[in-house]
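A closer look at the structure
As a plain string of letters, each chain reads:
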Amino acid sequence: MALRPILIAPDPRLKEKSKPVEGPVTDEHRRLMDDMLETMYEAPGIGLAAIQIGEPLRIIVMDISRDDEPKAPRYFVNPEILWRSEELFAYEEGCLSVPEIYDDVERPARVKLRYLDYNGKQVEDDCDGLYAVCIQHEMDHLAGQVFVDYLSPLKRELVRKKLAKQRKLADEDEG
Ligand code: K1U
Ligand code: ZN
């Protein structure tokens, strides 16, 4: 397993549409999922899409277990949302590709999901709570979207300025 650098907005690769995994889930895909999980735990985060480490494939990892619970990694290959509830749920989201920015996003409260697991087995799952929030956030990454795209133009401009300031400070630290 290896730690991989996480892309930070406005890296143009984060706008790319990820491609489906064609054919079976192979050891190479499993190696990528292992790297993604290690990178996500180290960050730390509760989810990660492959494009966030520069791999434009429809692959997501997640672990929404609490600190006092055993680790519960989940792996999603070629996830599809089959159904969304009309009821909405607002949650204060963060993103490893948009560091130190948190804001409320309203999304369907429940979704029905189909995906291939770590071993390539097809699974259907009903998601709610943080599971529903996180899978929708990660699937947005597969479509080239980050959560700040949902914010008002004014908030997006504030985020852009904050990220530019973070970048400048990081460059000064390096130089
Ligand atoms: O996709 C990502 O960038 C990961 C992101 C997932 C996410 C968080 C909250 C709502 C929706 C999706 C994160 O993991 S941000 C970090 C975070 O939420 C967290 C970090 C440490 C402990 C608990 C949470
Ligand atoms: Zn994110």
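Report follows, based on the coordinates. (Residues numbered from 1 in each chain as written. Chains lettered and ligands numbered in written order. Predicted model: local features only at pLDDT ≥ 70, side-chain atom pairs only at ≥ 80, totals over all residues. Heavy atoms only, no water.)

What follows covers helix α1 (residues 27-42). Relative to the 22 Å expected for 16 residues at 1.5 Å per residue, α1 spans 22 Å between its end C-alpha atoms, a close match to the ideal helical length. When we look at burial in α1, the residues that qualify are His-29, Arg-30, Leu-32, Met-33, Asp-34, Asp-35, Met-36, Leu-37, Thr-39 and Met-40. Of the surrounding elements, those touching the buried residues of α1 are β1 (47-49), β2 (59-62) and β3 (74-84). (Helix = DSSP H or I, 4+ residues; strand = E, 2+ residues; numbered from the N terminus. Expected span 1.5 Å × (residues − 1). Buried < 20%, exposed > 50% of the residue type's maximum accessible area, 1.4 Å probe, protein only. Contact = heavy atoms within 4.5 Å.)

Attention now moves to the coordination of the zinc ion (ligand 2). Donor atoms from the polypeptide that coordinate the zinc ion (ligand 2) comprise Cys-95 (SG), His-137 (NE2) and His-141 (NE2), at 2.0 to 2.3 Å from the metal. Each donor residue of the zinc ion (ligand 2) belongs to the same chain, and together they define the spacing C-x41-H-x3-H. Pair noted here: Cys-95 is in the loop between β4 (88-93) and β5 (103-108) and His-137 is in helix α2 (residues 129-142), with a separation of 42 residues, a long-range link. (Donors = N, O, S within 2.8 Å, 3.2 Å for Na, K, Ca; no water.)

Next up on the list: the nonpolar core. Core analysis: the largest hydrophobic core is formed by 18 residues, its most contacted members being Phe-76, Leu-113, Tyr-131 and Ile-135. Those elements that place two or more of their residues in this core are β2, β3, β6 (111-116), β7 (122-127) and α2. The leading source of residues in this core is α2, at six residues. Among residues more than four places away in sequence, those in contact with Ile-135 are Ile-60, Met-62, Phe-76, Val-111, Leu-113 and Cys-127. In terms of nonpolar packing, the next biggest core, distinct from the first, is built from 15 residues, Leu-32, Leu-37, Met-40 and Ile-53 among them. (Core = buried A, V, L, I, M, F, W, Y, C linked by side-chain atoms within 4.5 Å.)

Here the structure, examined in full by the defined rule, presents zero disulfides. Here Cys-127 is not cross-linked by a disulfide; its sulfur's nearest cysteine counterpart is in Cys-134, at 10 Å. On the accessibility criterion, Cys-127 (1% relative accessible area) is buried. (Disulfide = S-S within 2.5 Å.)

By nearness alone, 14 residues border ligand 1, and Ile-46, Gly-47, Gln-52, Leu-96 and Glu-138 come closest of all. Contact between ligand 1 and His-141: an oxygen atom at 3.4 Å from a side-chain N or O atom of the residue. Here ligand 1 loses 79% of its free accessible area of 530 Å² to cover by the protein chains. Going through the elements one at a time, β4 and α2 are the ones with two or more residues in the shell around ligand 1. For the shell around ligand 1, the element with the most residues is α2, which contributes four residues. Among the residues making up the shell around ligand 1, the classes are represented as six nonpolar, six polar and two charged. (Near = heavy atom within 4 Å. Polar contact = N/O pair within 3.5 Å; in protein donor to acceptor, adjacent residues only side chain to side chain. Areas by Shrake-Rupley, 256 points an atom, 1.4 Å probe, with all protein chains shown as cover. Nonpolar A, V, L, I, M, F, W, Y, C, P; charged D, E, K, R; others polar.)

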